[in-house]
Amino acid sequence: MPALTETLSDIVADGFAAADLPRELGSVATSNRPDLGQFQCNGAMTAARIAKRSPREIAQTIVDRLAGDDRLAAVSIAGPGFINLMLDDRYLADQTNQQRQDPRLGVAQVDPAATVILDFGGPNIAKPMHVGHLRATIIGDSLQRLFGFLGHRTVSDVHMGDWGLPMGMLISEIARVQPDLPYFDGSHSGPYPPVSPVTLEDLETLYPEAAKACKDDELRLEQARAATAALQRGRPGYRALWQHFINVSLAAMRREFESLGVHFDLYKGEADVDPLIETMVQDLASRHLARIDDGALVVPVARADDKAEIPPLILRKSDGSAMYATTDLATIVDRVAEHHPGLMLYVVDQRQHLHFEQVFRVAEAGGLSGGAAMEHIGFGTMNGADGRPFKTRAGGVMKLSDLIEMCQSKAAERLAEAGLAGDYPPEERDTIARQVGLAALKFADLSNHRLSNYVFDLDRFTQFEGKTGPYLQYAAVRIRSLLRKAAERDLAPGDLLPPGDAERPLLLKLGQLPEAVVSAAEKRAPNEICDYAYGLAQEFSRFYNACHILSETDTALQASRLGLAEMTLRALDRLLDLLGISVPDRM
Ligand code: ARG
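None of the values given here were measured: they were computed from a predicted structure. (Residues numbered from 1 in each chain as written. Predicted model: local features only at pLDDT ≥ 70, side-chain atom pairs only at ≥ 80, totals over all residues. Heavy atoms only, no water.)

**Observations concerning the nonpolar core**
- Ranked by size, the top nonpolar core spans 157 residues in total, and within it Phe16, Phe245 and Val517 carry the most contacts.
- Grouped together as the second largest cluster of nonpolar side chains are 31 residues, Val299, Val301, Ala330 and Ile332 included. (Core = buried A, V, L, I, M, F, W, Y, C linked by side-chain atoms within 4.5 Å. Buried < 20%, exposed > 50% of the residue type's maximum accessible area, 1.4 Å probe, protein only.)

**Quick look at the site of the ligand**
- The immediate surroundings of the ligand are formed by Asp119, Gly122, Asn124, His133, His159, Tyr324, Asp328, Tyr346, Val348, Gln352 and Phe356.
- Between the ligand and Asn124 there is a distance of 2.7 Å, counted from a nitrogen atom to a side-chain nitrogen or oxygen.
- Here a nitrogen atom of the ligand and a side-chain polar atom of Asp328 are 2.7 Å apart.
- Here the ligand loses 88% of its free accessible area of 350 Å² to cover by the protein chains.
- When its residues are assigned to classes, the shell around the ligand shows 4 nonpolar, 5 polar and 2 charged. (Near = heavy atom within 4 Å. Polar contact = N/O pair within 3.5 Å; in protein donor to acceptor, adjacent residues only side chain to side chain. Areas by Shrake-Rupley, 256 points an atom, 1.4 Å probe, with all protein chains shown as cover. Nonpolar A, V, L, I, M, F, W, Y, C, P; charged D, E, K, R; others polar.)

**Some thoughts on the pattern of salt bridges**
- Per the counting criterion, the structure on display carries 41 salt bridges.
- The shortest N-O distance in the salt bridge between Arg145 and Asp141 comes to 2.9 Å. Separated by 4 residues within a single helix, Arg145 and Asp141 lie in helix H5 (residues 131–149), roughly one turn from each other.
- The exposure class assigned to Arg145 is partly exposed, which follows from its relative accessible area of 22%.
- Notably, a salt bridge pairs Lys268 with Asp334, separated by 2.8 Å at the nearest N-O pair. Separated by 66 residues along the polypeptide, Lys268 in the loop between helix H9 (236–260) and helix H10 (274–286) and Asp334 in helix H11 (residues 324–339) bring together distant segments of the chain. (Salt bridge = Lys/Arg side-chain N within 4 Å of Asp/Glu carboxyl O. Helix = DSSP H or I, 4+ residues; strand = E, 2+ residues; numbered from the N terminus.)

**Describing the side chain of Gln232**
- Mapped onto the fold, Gln232 is located in helix H8 (residues 218–233).
- Here the side chain of Gln232 touches Ala322 through a polar contact of 2.7 Å, landing on its backbone nitrogen.
- In this view, Gln232 contacts Trp163, Arg239, Asp274, Ser321 and Ala322; residues no more than four positions away in its chain are not counted. (Contact = heavy atoms within 4.5 Å.)

**Here's the deal with helix H17 (residues 504–511)**
- Most of H17 sits out of view: 7 of its 8 residues are buried.
- Residues Arg504, Leu506, Leu507, Leu508, Lys509, Leu510 and Gly511 constitute the buried set of H17.

**Comments concerning the environment of Leu231**
- Its location among the elements puts Leu231 in helix H8.
- When residues no more than four places from it in sequence are discounted, the contact partners of Leu231 are Trp163, Met167, Ile171, Tyr238, Arg239 and Trp242.

**Considering helix H18 (residues 513–522)**
- For H18, a buried count of 7 out of 10 residues is recorded, marking the element as mostly surrounded by other parts of the structure.
- Looking at the packing, one finds that the buried side of H18 touches helix H4 (89–101), H5, H17, helix H19 (527–546) and helix H20 (555–578).
- Following H18 by one or two positions, Arg524 adopts a phi angle in the positive range, close to 50 degrees.

**So, the packing of aromatic side chains**
- Under the definition given, this model contains 17 aromatic pairs.
- On the basis of an interplanar angle of 55 degrees and a centroid distance of 6.4 Å, the ring pair of Phe257 and Tyr267 is categorised as tilted. Here Tyr267 lies in the loop between H9 and H10 and Phe257 lies in helix H9, a separation of 10 residues in the sequence. Tyr267 carries the same exposure label as Phe257, and that label is buried.
- Their ring planes at 70 degrees and their centres at 5.6 Å tell us that Tyr471 and Tyr534 sit as a pair that is edge-to-face. Here the residue Tyr471 occupies a position in helix H16 (residues 469–488), and Tyr534 occupies one in helix H19, the gap between them amounting to 63 residues. Each member of the pair, Tyr471 together with Tyr534, is buried.
- Joined through ring pairs, the aromatic side chains of Phe120, Phe257, Phe264 and Tyr267 make up one cluster. (Phe/Tyr/Trp six-rings, centres within 6.5 Å; stacked < 30°, edge-to-face > 60°.)

**Thoughts on the sheet that holds strand E5 (residues 115–119)**
- Spatial strand order, E6-E5-E10-E11: 4 strands in an open sheet with parallel pairing. Edge positions in the open sheet fall to strand E6 (153–157) and strand E11 (373–377), since each of these has one partner strand only. Geometrically, the sheet is characterised by an average inter-axis angle of 20 degrees between neighbouring strands, direction not taken into account.
- Pairing geometry for E5 and E6, over 5 bridges, is parallel. Along E6, the bridge assignment pairs Asp119 with Asp157.
- Here H5 sits on the sheet in contact with E5, E6, strand E10 (343–347) and E11, set at roughly 155 degrees to E10.
- Along the sheet, helix H12 (residues 353–365) makes contact with E10 and E11, crossing E11 at roughly 175 degrees. (Pairing = 2+ DSSP bridges. Axes fitted to C-alpha atoms, helices over the stretch in contact; angles between N-to-C directions.)

**So, the packing of helix H6 (residues 165–177) against helix H7 (residues 200–216)**
- In contact at an axis separation of 9 Å, H6 and H7 are set at 100 degrees when each is read in the N-to-C sense. Overall, the two elements H6 and H7 adopt an arrangement that is roughly perpendicular. For the pair H6 and H7, contact is made by Pro166, Met169, Leu170, Glu173 and Ile174 and by Leu203, Leu206, Tyr207, Glu209, Ala210, Ala211 and Cys214, respectively. (Parallel < 35°, antiparallel > 145°, perpendicular 65-115°, else oblique.)

**Notes on the pairing of E11**
- Taken together, the 5 bridges between E10 and E11 define a ladder with parallel strand orientation. From the neighbouring strand, Val347 faces E11, where its bridge partner is Ile377.
- Since E10 and E11 lie parallel, the crossover through H12 that links them has a hand, and here it is right-handed. (Right-handed = clockwise from strand over helix to strand, strands pointing away.)

**Here's the deal with the pairing of strand E3 (residues 72–78)**
- The pairing of E3 with strand E4 (residues 82–87) spans 6 bridges and is antiparallel. Pairing of Ser76 across the sheet is with Asn84, part of E4.

**Quick notes on the side chain of Arg414**
- Counting through the fold element by element, Arg414 comes out in helix H13 (residues 400–417).
- A polar atom in the side chain of Arg414 sits 3.1 Å from the side chain of Thr462.

**A look at the sheet that holds strand E9 (residues 313–316)**
- Across the sheet, 3 strands lie side by side as E7-E8-E9; this open sheet has antiparallel pairing. Each edge of the sheet is formed by a strand with only one pairing partner; in this case those strands are strand E7 (291–293) and E9. For this sheet the average axis-to-axis angle between neighbouring strands, irrespective of direction, equals 50 degrees.
- Summarising the sheet, strand E8 (residues 296–299) and E9 pair through 3 bridges and their orientation is antiparallel. Residue pairing for E9: Val299 is matched across the bridge by Leu313.
- H10 contacts E8 and E9 of the sheet and is inclined by roughly 125 degrees relative to E9.

Have a look at this one:
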């Protein structure tokens, strides 16, 4: 079913067409002056230029034509020629009833659907996930849900960092402390031990030590570089040891994403495309796109109209090792061959913008992208109260699991303060606290435009009032409880009656849902879903405060109001789901 504004645009377009003016001018939008009209059309301004008549005169022609239309309660002109429209309440109810019958609440499936690859998460092997990865994960997951809901085929890939210098740092560090392991014995002909010589905890302490040593000591850095190059060239012992790193990290990584409620179709890493690199590099070189510069193989990407200088992309260092950009390019080759995407979205920190610009330019120039559009979906940082990227109290990198833990315990406190879930079984209370904590974290992140930085303020994020995840969860839970009480009294939601003043704004708000969802996807901006959902919850709360429901004696009116409540609940559930937020059954 078409959205309200589309149906209205059709009605007004007929008016323009009848006046021999282009139909597109009839486009109608929700009014930004609701005191003057629910909807407005600004087409008369453009029409005036085309027809060389005054905009007011044209607006008047259209208004005269629409005058008898019983779908409209009032049509008027404001200012230089804005056409304001008020819907007839019966028509508004009809439209909303249709939307209510639709399991998708009026959101159309895209046609044709495309395959959309979403690259997000991006954790690095052996390094703990930090808040930057958290933002990538939360935003990427929401986009995955959004594109999926619209009917696209989505393929999400975590694209873990498992092929760069940190791997060489770890290998050379372990070689230093445990030189007798068979992985370092060049004459060992395998097989290698099936059990990892290091645990995840070992890796988490070894890596920072190794990284620090490499920073302080040129020799150690050289060893790490040499180990990286040898790993990439395929030295069997190094590959076997590296495989252990992957295995122990992957298990923890999956657990961590699962606890966030985030699904990935693919747990691939940079290393997975290693077999594709040689052919790709040869191909770029043979077509003279790549050239040798100071021993390295580079692809110049600068364009005459660049505002800032864009340095060449380094495909291969002089020691033969592949770079971050090399694996990203080979990953494009892999994805295009495997999935034939129409669109590839990279949800990665905005500070990597230059990297993606270089990669996309080479992919396009080299014809690697198979015609797919590629977009870097950048985001800003989550800061501490000091305005700098969020750290632990001790000043270290905040681990994702600790952060989630913090949110959950703050949420438990808040629930207790609000007297919620107090007498539920302890396991249910824990589950609810976890759901509320995650909602606080995800909503706070998503409600800011992704490119802006924001300050981590757990006290505010976990409040049950204001624009927060917990507020929206609570709004949904309250409606669910209302409907449960109604069901206990055998009262069922029914068709909506033409609205009165207390209901009308809620019907109109529900009518905006399809546009809000589509616009959020088009702009890759989940914050628009947050804004809309918050507005909807507020509109519901106004309606709820103004109307009797369970105590209403007019049964048709009661069923209609229950219908409105049920529809709002379905909308909130859907919107929160698009944000990756789950709603408890009760609180
Ligand atoms: N591992 C990278 C990092 O931590 C992020 C990976 C993003 N995705 C990509 N295809 N480059 O910075």
